[in-house]
Amino acid sequence: KSRSLTYRVDVELNDAGLEIAGAWPPPGVGIRKTAEYLRWRYARSPVLNCRYLWQFDNGVPVGLAVLHFDPGARTAVLLDVTAATFASDRCTGIILEIIRQARAHAMDMFATHCMSPGVEAGLRRSGCGRVTSDLGFMLYSPDPAGKKLLTEAKHWHFMIGDTDRY
């Protein structure tokens, strides 16, 4: 079956979309993006100017990126990405569409902070560079298996929207 990735940008999160995206499991150690979390963190934020970029595979929703447009700084910030799976073509496709949307909204810069192997690979394939960051995470697990997952960043999925930076 051939793949047809398409995209749609919404200015609001509707309940049906929230339920779909909220059911996707995180790809590793990270915050589960339930419908309630997405509504609280982004849709109800008094300070964020969010756009919600949906990715569809043959008409089925498979990814959601949350963007914040800061017209004063002329910067588009990728706050979050959640998906049914983090396949490389889907990650690269959604990153390229984010960049296209940033340009369409006259943003001069695209920025994010992520600790997620799938998203990082998509960013690199899309030509994004990397700079040093002072953002740190403190994680805890009382059991040895959980501690091993927490100490190996290849298992993580954290985005800047998971922090208090925005």
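Preceding this paragraph is the structure being described.
Residues numbered from 1 in each chain as written. Predicted model: local features only at pLDDT ≥ 70, side-chain atom pairs only at ≥ 80, totals over all residues. Heavy atoms only, no water.

Enquirer: Is there a simple way to think about the packing of aromatic side chains in this case?
Expert: Under the criterion given, the structure shown has four aromatic pairs. Note on W24 and W54: the rings are 6.5 Å apart at their centroids and 65 degrees apart in plane angle, and the pair reads as edge-to-face. Residue W24 is located in the loop between helix 1 (15-22) and strand 2 (29-30), and its partner W54 is located in strand 3 (residues 50-57); the two are separated by 30 residues in the primary sequence. For W24, a relative accessible area of 9% corresponds to the buried category. The buried category is assigned to W54, whose relative accessible area is 4%. Where Y37 meets Y42, the ring centres are 6.5 Å apart and the plane angle is 85 degrees; that geometry is what we call edge-to-face. For the pair Y37 and Y42, one class covers both residues: buried. Ring-pair connections join several aromatic residues into one group, and the members of that group are Y37, W40 and Y42. (Phe/Tyr/Trp six-rings, centres within 6.5 Å; stacked < 30°, edge-to-face > 60°. Helix = DSSP H or I, 4+ residues; strand = E, 2+ residues; numbered from the N terminus. Buried < 20%, exposed > 50% of the residue type's maximum accessible area, 1.4 Å probe, protein only.)

Enquirer: Teacher, can you tell me more about helix 1 here?
Expert: Side chains that are three or four residues apart share a direction in an α-helix, a result of its 3.6 residues per turn. For helix 1, every residue scored as buried is listed here: G17, L18, A21 and G22. Taken end-on, helix 1 shows its buried residues confined to a sector of 125 degrees, consistent with a single buried face. Looking at helix 1, the residues exposed on the side facing more than 90 degrees away from the buried face are D15 and A16. Its buried side turned inward, helix 1 meets helix 2 (35-43), strand 3, strand 4 (60-70) and strand 5 (75-83). (Arc of directions from axis to C-beta. Contact = heavy atoms within 4.5 Å.)

Enquirer: Could you clarify how one ought to interpret unusual backbone geometry in this entry?
Expert: With the exception of glycine, the majority of residues adopt a negative phi angle, and the majority of peptide bonds are in the trans configuration. Look at N58: it is not a glycine, yet its phi comes out positive at around 50 degrees. Residue classification places N58 among the partly exposed residues on the basis of a relative accessible area of 34%. The backbone of R74 shows a phi angle near 55 degrees, a positive value even though the residue is not glycine. Note on placement: R74 falls in the loop between strand 4 and strand 5.

Enquirer: Explain the pattern of salt bridges to me, please; I cannot follow it from the model alone.
Expert: Oppositely charged side chains can pair when the atoms bearing their charge come close. Applying the stated rule across the entire model yields eleven salt bridges. When the shortest N-O distance is used, the salt bridge between R130 and E120 registers 3.6 Å. With a gap of ten residues between them, R130 in the loop between helix 4 (117-125) and helix 5 (144-151) and E120 in helix 4 connect regions that are remote in the sequence. Here R130 falls in the exposed class, since its relative accessible area comes to 67%. (Salt bridge = Lys/Arg side-chain N within 4 Å of Asp/Glu carboxyl O.)

Enquirer: Sorry, what's going on with the sheet that holds strand 8 (residues 156-159) here?
Expert: Reading across the sheet, the three strands line up as 2-8-7 and stay open at both edges, with mixed pairing between neighbours. Strand pairing shows two members of the sheet lacking a second neighbour, strand 2 and strand 7 (114-115), which therefore form its edges. (Pairing = 2+ DSSP bridges.)

Enquirer: Sorry if this is basic, but what is going on with the environment of I160 here?
Expert: Its location among the elements puts I160 in the segment after strand 8. Taking the C-alpha atoms as reference points, I160 and D80, separated by 80 residues in sequence, lie 6.9 Å from one another. When neighbours within four sequence positions are excluded, I160 is seen to be in contact with V77, L78, L79, T112, H113, R165 and Y166.

Enquirer: Would you take a moment to explain helix 2 for this structure?
Expert: Every buried residue belonging to helix 2 is among A35, Y37, L38, R39, R41 and Y42, and all of these are buried. The elements touched by buried residues of helix 2 are helix 1, strand 3, strand 4 and strand 5.

Enquirer: What is the right way to read the sheet that holds strand 4 from this model?
Expert: Two orientations exist for strands paired in a sheet by backbone hydrogen bonds: parallel and antiparallel. With respect to topology, five strands assemble into an open sheet ordered 1-3-4-5-6, the strand pairing being mixed. For this open sheet the edge positions go to strand 1 (5-10) and strand 6 (109-112), each flanked by a neighbour on one side alone. The mean inter-strand angle of the sheet, taken between neighbouring strand axes irrespective of direction, is 30 degrees. The pairing of strand 5 with strand 6 spans four bridges and is classified as parallel. Across the sheet, the residue bridging to L78 is T112, located in strand 6. (Axes fitted to C-alpha atoms, helices over the stretch in contact; angles between N-to-C directions.)

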